[in-house]
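Listed here are the chains, written in short residue letters.
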Amino acid sequence: KNQVEQSPQSLIILEGKNCTLQCNYTVSPFSNLRWYKQDTGRGPVSLTIMTFSENTKSNGRYTATLDADTKQSSLHITASQLSDSASYICVVWTAAGNKLTFGGGTRVLVKP
Amino acid sequence: IAGITQAPTSQILAAGRRMTLRCTQDMRHNAMYWYRQDLGLGLRLIHYSNTAGTTGKGEVPDGYSVSRANTDDFPLTLASAVPSQTSVYFCASSDSNRLNEQFFGPGTRLTVL
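First things first, this report covers the structure right here in the doc. Along each chain, residue indices are assigned from 1 in the same order as the chain's sequence is written. Working convention: letters from A go to chains and numbers from 1 go to ligands, in the order in which they are written. Whole-chain, interface and lining totals are the exception, using all residues; otherwise, since this is a predicted model, local features are given only for residues with pLDDT of at least 70 and side-chain atom pairs are given and counted only at 80 or more. To obtain the side-chain values, all non-hydrogen atoms of the structure were included, while hydrogens and water were left out.

1. Here's the deal with the overall build of chain B
1) Next: Comment: elements are numbered from the N terminus, with helices defined as DSSP H or I runs of at least four residues and strands as E runs of at least two. When its secondary structure is counted, chain B shows 0 helices and 11 strands.
2) Next: Secondary structure of chain B in N-to-C order comes out as β-β-β-β-β-β-β-β-β-β-β.
3) Next: The atom set for the radius of gyration is the C-alpha atoms, and the globule formula is 2.2 Å times the number of residues raised to the power 0.38. In terms of overall size, chain B behaves like a compact globule, its C-alpha atoms giving a radius of gyration of 13 Å where 113 residues would be expected to give roughly 13 Å.
4) Next: The principal-axis extents of the C-alpha atoms in chain B amount to approximately 40 × 30 × 30 Å.
5) Next: Burial analysis of chain B (113 residues in total) assigns 47% to the buried set.
6) Next: Throughout, a contact is declared for two residues whenever any of their heavy atoms are within 4.5 Å. Long-range pairs, those at least 24 residues apart, make up 55% of the contacts in chain B with a sequence separation of at least 6.
7) Next: Here, Shrake-Rupley sampling with a 1.4 Å probe gives the accessible areas, and only protein chains in the shown set may cover a residue. Surface exposure of chain B reaches about 5400 Å², of which carbon and sulfur atoms provide 50%.
8) Next: Only four residue types enter the tally: Lys and Arg on the positive side, Asp and Glu on the negative side; His and the chain ends are excluded. To locate a charge, take atom NZ for lysine, CZ for arginine, CG for aspartate or CD for glutamate. Of the side-chain charges in chain B, 10 are positive and 8 negative, and the distance between the mean point of each set is 7 Å. Throughout this description, buried means an accessible area under 20% of the type-specific maximum (1.4 Å probe, protein chains only), exposed means over 50%, and partly exposed covers the range between.

2. Quick word on the state of the cysteines
All names here are of chain A.
1) Next: Two cysteine sulfur atoms form a disulfide, by the criterion used here, when they sit within 2.5 Å. A full pass over the atoms with the stated rule returns 2 disulfides over all chains.
2) Next: Linked covalently through their sulfurs, Cys23 and Cys90 form a disulfide whose S-S length is 2.0 Å. In this structure, the disulfide formed by Cys23 and Cys90 twists by about -65° around the S-S bond and is classed as left-handed. Placement of the pair is Cys23 in strand β3 (residues 19-25) and Cys90 in strand β9 (residues 86-94), with a sequence separation of 67 residues. Comparing Cys23 with Cys90 shows no difference in burial state: the two are buried.
3) Next: Cysteine Cys19 remains unbridged, with the sulfur of Cys90 as its closest cysteine sulfur at 15 Å.

3. Regarding the nonpolar core
Among soluble globular proteins, nonpolar side chains are generally buried collectively.
1) Next: Only buried Ala, Val, Leu, Ile, Met, Phe, Trp, Tyr and Cys residues count toward a nonpolar core, and they belong to the same one when joined by side-chain atoms within 4.5 Å. Membership of the largest hydrophobic core comes to 25 residues, with the highest contact counts inside it found for Leu21(A), Tyr25(A), Leu33(A), Trp35(A), Leu75(A) and Tyr88(A).
2) Next: Of all the elements in the fold, those that place two or more residues in this core are β2 (10-14), β3, β4 (32-38), β5 (45-51), β7 (62-67), β8 (72-77), β9 and β11 (106-111) of chain A.
3) Next: In contact with Leu33(A), other than residues within four places in its own chain, are Cys23(A), Tyr25(A), Thr48(A), Ile49(A), Met50(A), Leu66(A), Ser73(A), Cys90(A), Val91(A) and Val92(A).
4) Next: Among the nonpolar cores identified, the runner-up in size contains 18 residues, and Leu13(B), Phe74(B), Leu76(B) and Val112(B) belong to it.

4. Observations regarding the sheet that holds strand β8 (residues 76-78) of chain B
Residues and elements named next belong to chain B.
1) Next: Strand pairing is defined by DSSP finding a minimum of two bridges between the two strands. An order of β1-β3-β8-β7 is seen for the 4 strands of this open sheet, with the pairing classed as antiparallel. Two strands close off the open sheet at either side, each with one partner strand: β1 (4-7) and β7 (64-66). Each strand axis lies, on average, 20° off the axis of its neighbour in the sheet, ignoring direction.
2) Next: The sheet contact formed by β7 and β8 spans 3 bridges and is antiparallel. Bridge pairing in β8 links Ser65 to Thr77. Each axis is a line fitted through C-alpha atoms, taken for helices only over the stretch in contact, and angles between the N-to-C directions span 0 to 180 degrees.

These results come straight from atomic positions and should not be treated as a statement about function.
Here it is, written out as structure tokens:
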């Protein structure tokens, strides 16, 4: 069964600190992996997308990594800001059936 | 309007009542989707439409129906709401050539009592 597991479920960090979110998947065949940011009361917004051949991709203070061999991805937030408080969702796409599988998300709270 | 809009923003509904959630996009995307999001669970696909005039069932279609009369609108109907349908509902759309890049609406928070 295709699954996407994220950890931790939630975390609290102080403003200015770094944090790393994890995503493990069993989706096969793998096409690409996308990280979404979802602010409270809003829809998810894409942060970054990674294909099989990409190991690292950055979007400002967000850096995603992908290890397709171990089927793991991480999202690193550098120098966190209050506006980073949100849920971060890992989503894996398989072209077999054109299907997206969503992780349950990690809720991040940045405190001043 | 720009992107995807959903209405209403939130709704409290008595069990057994009929309810239609509205979704409109102005990006001329062929594909549209309805998801529900429940605490601790990932977004789950209810129904989808690859193009106007066609619809398909997703992972959790029971109790819901959709129609796609034109490119822009994709309403979701609960014929007889039940408390287990309390959730946040998101509409999304994507271009046919980039199905994996979905753009989401702001969501509708539905409470069924």
